[in-house]
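# Topology and contacts: notes
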Amino acid sequence: MPLLKRTSSRRSRLRKGVTTERFSQISRFASMDSLISVLLELLFVVVCIFILSFGLVQQQRYRELVPIAVIVVLISLGGSFYIYHYQKRIITNHARALALAGLFILLLATTKVGVLLTNQTSWATGTAVTVAIILTIAYSQRFAIGMSIFYSLFACLAAGPQMDMRLFLTMSAGIFACCFSLREIRTRMKLLEVSALASVIVFIMALTLNLLTQEMGLGDVFSNAGYHALATFLVGMLIQSLLPVIEKVFRIATSMTLLDYSDANQPLLKRLAMEAPGTFSHSLLVGSIAEAAAEAIGRNGLLCRVGAYYHDIGKINKPSYFVENQLGFSSRHKELSPAMSQLIIVGHVKDGIEMSKEYALPAVLRQFIETHHGTTLIEYFYNEAKRKHDAEQASDASVGPSESEFRYPGPKPLTKEAAIVMLGDTVEGAVRSLTEVTPTRIEAAVHNMAMRRLQDGQFDECDMSLRELSQIETSVSKTLAAHYHGRVAYPKPPDEPPEPQKRHKVGVPEEAQSRPKQVEQQPN
């Protein structure tokens, strides 16, 4: 009888673990999002092959279809792996994937038709620069450069399989010039400046390459380079006019759009200033705090500032229930139970989201409304509920209030900008409640609130490092210290009569009379 091979328990567990891991990888690959992405990829490949082989079918050059199909498949696979590594969210966000594929197909068809009608390869340069500018606006410089290079390979095939490296290098020059010179659009002249710079670089590159090969006359060399430069410059003017459409298709907001939304004449901000002036003042201060903190760690300070302006717009519906709008009147929460007060406080987040949709705020600003409290605990009313339950415990044997009932529904901040606004909102309220505001006390309050949010897990979803959190604390402390700076008392005129001496209350020391009364701070 053959001997049975004995395996250790450790090896058996290892084999089971490997099998489970392989099964999870297969199930992850076979998910619905992956299947839809694969179908989009196949559809993109088929359409690209149809566009690139259009002229070949007319000329009955069928033998060239197979090589073109193979090249298109390889380039598409390379682009897919690039997207997977640097913008994985496109795989799950099918609207963005469709927009990206549609952009490539539209510009590739434009290049093919333009080359067939005019016999000018400058169409390829113009569309390549278009891809570079749009993807830089919608994503990032690195992603735009990579995807634009992949598009340039398609554009070379659209211009003609016989095209040499001159066209590819000319397109690459325009791509790099646009991507590196375009970081954000804060002025209406920015796109024209970028396209003008790129057109000069494209002209020099095309002129140099044509002179190097010596296949054209001197007049044709300059005219060819001029066509490439003109196409590059016209792209900037075209995108400038289509910028609102691009923002809507890719669901983004450029810096120029954010500046428009920071205007105090915007309907929502005007309502906030008129109906909840205390909240409006608080939002302006949080905006300046968040902008400086974001720039300290290299993030988008303008986005933080504008997001902070709108993060509390839900308080417009019930402004008098929030402490910054009570203006010396007694709190209306004294008449309510802690559970009812908690519903009103939490409700301002839901109201803010509904108002943002009603006023068509960009999605990038809605995240600050949803996440500026995360899943934090409303400690004031939670402690009030516990205090009431403890007082009634002798006659009532019910279970006390749980923390989950007094927490915001979330979600937690998904970006570092949203986390910065959350921290700025928290520390501004904490510092405002201090009886004596000094730089040392401000630093202590900022550090304590940051650590409480960190230990509560509010920064788990935004990949914020401890180093960045320390830099944010330093910046927030400086901004708050500058805001709550001291002032020198104005000198009194010599002819002003002296103030009458204050009468002391019987039995109350003088220092106790001059000491400000400390009030327990309600959540803002």
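See the structure shown above.
As a starting point, this report considers the structure included with it. (Residues numbered from 1 in each chain as written. Predicted model: local features only at pLDDT ≥ 70, side-chain atom pairs only at ≥ 80, totals over all residues. Heavy atoms only, no water.)

### As for the overall build of the chain
Applicable threshold: Segments assigned H or I by DSSP are reported as helices when at least four residues long, segments assigned E as strands when at least two residues long, and all are numbered from the N terminus. Buried means the residue's accessible area, taken with a 1.4 Å probe over protein chains only, is under 20% of the maximum for its type, while exposed means over 50%, and partly exposed covers the values in between. Pairs of residues are marked as contacts when any of their non-hydrogen atoms sit within 4.5 Å.
When helices and strands are tallied, the chain shows 22 helices and zero strands. The proportion of buried residues among the 524 residues of the chain is 44%. Taking the intrachain contacts of the chain between residues at least 6 apart in sequence as the baseline, contacts between residues at least 24 apart amount to 74%.

### With respect to the packing of helix 16 (residues 338-358) against helix 18 (residues 379-391)
We apply this condition: Only the stretch in contact is used when a helix axis is fitted, and all axes are lines through C-alpha atoms; the angle between N-to-C directions ranges over 0 to 180 degrees. If an angle is under 35 degrees, it is roughly parallel; if it is over 145, roughly antiparallel; if it lies from 65 to 115, roughly perpendicular; otherwise it is oblique. Here is the rule for handedness: rotate from the far helix to the near one, and if that takes an anticlockwise turn smaller than a right angle the crossing is left-handed, while a clockwise turn gives right-handed.
Orientation of helix 16 relative to helix 18, taken along the N-to-C sense of each, is 165 degrees, at an axis distance of 9 Å. Classified by the angle their axes make, helix 16 and helix 18 are roughly antiparallel. Between helix 16 and helix 18 lies a crossing of left-handed hand. Touching P338, S341 and I345 of helix 16 are F381, E384, A385 and K388, all from helix 18.

### A word on the environment of P267
Looking at where P267 falls in the secondary structure, it is placed in helix 13 (residues 267-275). For P267, a relative accessible area of 45% corresponds to the partly exposed category. For the pair formed by P267 and Y359, sequence separation is 92 residues and the distance between their alpha carbons is 8.3 Å.

### Remarks on helix 20 (residues 439-455)
Applied cut-off: What a helix should span is 1.5 Å times the count of its residues minus one. This arc is taken over the directions from the axis of the helix to the C-beta atoms.
Given a rise of 1.5 Å per residue, 17 residues ought to cover 24 Å, and the 24 Å separating the end C-alpha atoms of helix 20 matches this to within 8%. For helix 20, the complete set of buried residues consists of I442, A445, V446, M449, A450 and R453. The buried residues of helix 20 all sit within an arc of 125 degrees when viewed along its axis, so they share a single face. Residues of helix 20 that are exposed and angled more than 90 degrees away from the buried face: T440 and Q455. Along its buried surface, helix 20 packs onto helix 19 (416-432) and helix 21 (466-483). The first or second residue beyond helix 20 is G457, which carries a positive phi of 80 degrees.

### Quick word on the state of the cysteines
Under the convention used in this document: Any pair of cysteine sulfurs within 2.5 Å is marked as a disulfide.
On inspection of all chains with the given rule, the structure shows zero disulfides. Between C178, a free cysteine, and C179, which holds the nearest cysteine sulfur, the sulfur-to-sulfur gap is 6.8 Å.

### Considering the packing of helix 6 (residues 94-118) against helix 7 (residues 122-138)
To describe two helices that pack against each other, one gives the angle between their axes and the distance between the axes. The condition that has to hold: In this classification, the charged set is Asp, Glu, Lys and Arg, the nonpolar set is Ala, Val, Leu, Ile, Met, Phe, Trp, Tyr, Cys and Pro, and all remaining amino acids, among them Gly, are polar.
As a packed pair, helix 6 and helix 7 sit with axes 9 Å apart at the nearest point and diverge in direction by 165 degrees. Classed by the angle they form, the pair helix 6 and helix 7 counts as roughly antiparallel. Classified by chirality, the crossing of helix 7 by helix 6 is right-handed. Across from R96, L100, L103, F104, L107, T110, T111, G114, V115 and T118 in helix 6, the residues of helix 7 making contact are W123, A124, T127, T130, V131, I134, L135 and A138. Looking at the contact of helix 6 with helix 7 residue by residue, the class counts come to 11 nonpolar, six polar and one charged.

### A short note on the pattern of salt bridges
Put simply, the rule is: We define a salt bridge as a side-chain nitrogen of Lys or Arg found within 4 Å of a carboxyl oxygen belonging to Asp or Glu.
The full count for this structure, using the stated rule, is 12 salt bridges. Among the ionic pairs, K315 bridges to D312, the shortest N-O distance being 3.2 Å. For the pair shown, K315 and D312 are each scored as buried. Its salt-bridge partner being R387, residue E384 comes within 2.4 Å of it at the nearest N-O pair. One end of the pair is E384 and the other is R387, both in helix 18 and three residues apart, which spans about a single turn.

### With respect to a nonpolar patch on the surface
Going by this rule: Residues enter a patch when their relative accessible area is above 30% and they make no salt bridge; the linking distance is 9 Å between like charges and 5 Å between nonpolar side chains (Val, Leu, Ile, Met, Phe, Trp, Tyr). All accessible areas in this document rest on Shrake-Rupley with a 1.4 Å probe, and a residue is counted as covered only by the protein chains that are shown.
On the surface, a nonpolar cluster with roughly 560 Å² of combined accessible area is contributed by V66, V70, V73, L74, L77 and F81. Its location among the elements puts L77 in helix 4 (residues 65-86).

### Some details on the environment of A481
Note that A481 resides in helix 21. Residue class for A481 comes out partly exposed when judged on its relative accessible area of 25%. Distance in space between the C-alpha atoms of A481 and T438 is 7.3 Å, their sequence separation being 43 residues.

### Points about the nonpolar core
Heads up, the rule is: We call a set of buried residues a nonpolar core when its members are Ala, Val, Leu, Ile, Met, Phe, Trp, Tyr or Cys and they connect through side-chain atoms within 4.5 Å of each other.
One finds Y310 and I420 to be the most contacted residues of the largest nonpolar core, which totals 64 residues. Examining the composition of this core, we find that nine residues originate from one element, helix 19, more than from any other. Beyond its immediate stretch of four places on either side in the chain, Y310 contacts Y261, Q266, L268, L269, L361, L365 and I369. Core analysis: the second largest hydrophobic core is formed by 63 residues, I51, L103, L135 and F250 among them.

### Remarks on the packing of aromatic side chains
The cut-off we apply is this: Side-chain rings of Phe, Tyr and Trp (the six-membered ring for Trp) are treated as a pair once their centres are within 6.5 Å; stacked means planes under 30 degrees apart, edge-to-face means over 60, and tilted covers the remaining angles. Whether a charge lies above a ring is judged from NZ of Lys or CZ of Arg, which has to be within 6 Å of the ring centre and within 35 degrees of the ring normal.
On inspection of all chains with the given rule, the structure shows 13 aromatic pairs. For the ring pair F203 and F222, a centre distance of 6.5 Å and an interplane angle of 50 degrees mean the geometry is tilted. Of the two residues, F203 is situated in helix 10 (residues 190-213) and F222 in helix 11 (residues 218-250); the sequence distance between them amounts to 19 residues. A relative accessible area of 41% places F222 in the partly exposed class. Here the basic side chain of K88 rests over the ring of Y84, its NZ or CZ set 4.6 Å away from the ring centre.

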